[in-house]
Amino acid sequence: MTPGDATGRDKIVTRIITVASHKGGTGKTTTAVTLAHGLAMRGYRTLIVDLDSQGNVAAFLDLPLTDDLMKLVALEIPLESVTTPTGWENMWIVSSNEQTARLKLPLSAMDFRELVLARALKDAQFDYVFLDCAPSLDILQVAAFVASDWLLIPVQVDYAAVLGCRQVLSSLARVHDAGYTQVKLLGLLPTFYERVTKESEAQLKAIVDRFGDVALDPIPKDVKLREAPAYGLTIWEHAPKSRAVVGFDIGKGQMIGGYQAALGRVIRETA
């Protein structure tokens with residue numbers, strides 16, 4: 001088995017990654033789908049579980065929004081029965097719709113409700129599971145933290161998003177304080193980075209100064225990311241040489257940032 005290649009495995013080791021932010025518009029769903037498909041293209045079996053009632057993952061992939069998440073969590077229907085192929089090889093989804101917003105009431109009455117996703121995913125036959133959270137702290141986000149091995153926080157390089165990042169980290173600390181210490185911080189992923197604006201430069205510097213090596217190299221702002229879903233494609237197919245994928249040139253042909261680099265970081269850190 002070569003690095004970045006999932007062939008030749010004897011046993012599936014499932015890695016669960018929560019993608020969370022307390023601010024909307026940070027590229028959370030784009031990041032979850034892009035990384036999941038990047039891994040799927042390398043032979044890893046991947047699943048994306050949409051924990052947001054807006055159903056953004058299914059919409060991004062041009063799939064129908066369903067109540068499969070509610071069936072998985074509230075009705076405890078087995079994972080394999082609510083998992084749908086996306087049409088891309090090695091990639092599946094548990095989709096969500098407005099029914100997800102109604103989960104909070106029955107969940108609040110459950111014993112050990114923080115474990116609801118951990119129980120649902122304990123026998124998952126996937127190499128990677130991405131949990132795409134709503135942009136707020138609720139019981140499903142806490143359950144995602146508890147179920148996960150890793151937490152990835154997309155953070156738009158502006159002041160409000162940096163503040164939202166701190167709120168997610170505070171939530172993670174509370175989960176650890178409650179005794180759920182499995183989940184580790186995979187990193188902060190700066191998104192919508194524009195080298196030509198002083199605001200982007202200043203906020204990126206603030207992120208790096210504050211968080212050091214935990215901050216991944218940024219994802220450049222790129223119209224190709226917005227175009228891809230309209231064509232029924234991911235960025236790997238629509239524009240594999242775009243800045244969003246390969247990053248930007250910092251001189252002498254050296255590239256930095258982009259989802260290609262982020263994917264490599266994910267594979268290295270979770271190996």
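About the cut-offs
- Residues numbered from 1 in each chain as written.
- Predicted model: local features only at pLDDT ≥ 70, side-chain atom pairs only at ≥ 80, totals over all residues.
- Heavy atoms only, no water.
- Helix = DSSP H or I, 4+ residues; strand = E, 2+ residues; numbered from the N terminus.
- Expected span 1.5 Å × (residues − 1).
- Buried < 20%, exposed > 50% of the residue type's maximum accessible area, 1.4 Å probe, protein only.
- Core = buried A, V, L, I, M, F, W, Y, C linked by side-chain atoms within 4.5 Å.
- Contact = heavy atoms within 4.5 Å.
- 1 Å grid on protein atoms, 1.4 Å probe; cavity = no way out; pocket = protein on both sides within 12 Å on 5 of 7 lines; lining within 4 Å.
- Points joined across faces, edges and corners; volume = space filled by probe spheres on them.
- Pairing = 2+ DSSP bridges.
- Axes fitted to C-alpha atoms, helices over the stretch in contact; angles between N-to-C directions.

Trainee: Which parts of the structure should I look at to understand unusual backbone geometry?
Mentor: Negative phi is the rule for most residues except glycine; trans is the rule for most peptide bonds. With phi around 55°, glutamate 76 is a residue other than glycine that occupies positive phi space. Counting through the fold element by element, glutamate 76 comes out in the loop between α3 (68-73) and β3 (84-85). For asparagine 90, which is not glycine, the phi dihedral falls at a positive 70°. Its location among the elements puts asparagine 90 in the loop between β3 and β4 (91-94).

Trainee: Honestly, helix α1 (residues 28-41) in this entry has me stumped. Any pointers?
Mentor: What sets the pattern is the α-helix's 3.6 residues per turn: residues three or four places apart point alike. The first and last C-alpha atoms of α1 sit 20 Å apart over 14 residues, in line with the 20 Å expected at 1.5 Å per residue. The buried fraction of α1 amounts to 13 of the 14 residues, a majority that puts the element mostly inside the structure. Positive backbone phi, approximately 95°, marks glycine 43, located one or two places after α1.

Trainee: What exactly am I supposed to notice about the nonpolar core here?
Mentor: Nonpolar side chains in soluble globular proteins tend to end up buried together. If you look at the biggest cluster of nonpolar residues, it comprises 50 residues, and the most contacted ones within it are Leu69, Val129 and Leu131. In terms of residue count, helix α6 (residues 139-147) provides more of this core than any other element does, 7 residues in total. Leaving out residues up to four positions away in the same chain, valine 129 has contacts with Thr14, Arg15, Ile16, Ile17, Leu47, Val49, Leu121 and Ala124. Grouped together as the second largest cluster of nonpolar side chains are 37 residues, Ala32, Val33, Leu152 and Ala239 included.

Trainee: So what exactly am I meant to see when it comes to the layout of surface pockets here?
Mentor: Empty space among the atoms becomes apparent when a probe as large as a water molecule is rolled across them. By volume, the largest pocket is sized at about 390 Å³. In terms of lining residues, the largest pocket is bounded by 22 residues, among which Gly25, Thr26, Gly27, Thr30 and Phe192 are the most central. Where the lining of the largest pocket is concerned, the elements lending two or more residues are α1 and α9 (223-227).

Trainee: Hey, could you run me through the pairing of strand β5 (residues 128-132) in this one?
Mentor: Side chains on a regular strand alternate between the two faces of the sheet. Of all 5 residues in β5, 5 are buried; the element is thus mostly enclosed. Burial along β5 is two-sided: Tyr128, Phe130 and Asp132 and Val129 and Leu131, pointing in opposite directions, are all buried. Note: strand β1 (residues 15-19) against β5, 5 bridges, orientation parallel. Considered in β5, the bridge of valine 19 is made with aspartate 132. As judged from the 5 bridges shared by strand β2 (residues 46-50) and β5, these two strands associate in the parallel manner. If you follow aspartate 50 over to β5, its bridge partner there is aspartate 132.

Trainee: I tried to follow the pairing of β2 on my own but got confused; where do I start?
Mentor: Across the 5 residues that make up β2, a large majority, 5, are buried. The alternating pattern of β2 places Thr46, Ile48 and Asp50 on one face and Leu47 and Val49 on the opposite face, and all of these are buried. Two elements, β2 and β4, share 4 bridges in a ladder whose sense is parallel. Paired with isoleucine 48 across the bridge in β4 is isoleucine 93.

Trainee: I tried to follow the sheet that holds β2 on my own but got confused; where do I start?
Mentor: Each strand in a sheet pairs with its neighbour through backbone hydrogen bonds, running either in the same direction (parallel) or in the opposite one (antiparallel). Taken in spatial order, the 7 strands line up as β3-β4-β2-β5-β1-β6-β7 in an open sheet, and their pairing is mixed. Of all strands in the sheet, those with a lone pairing partner are β3 and β7 (184-191), marking the two edges. Pairing geometry for β1 and strand β6 (residues 150-156), over 3 bridges, is parallel. Bridged to threonine 18 within β6 is leucine 151. Along the sheet face, α6 touches β1, β5 and β6 and points at about 150° away from the line of β1.

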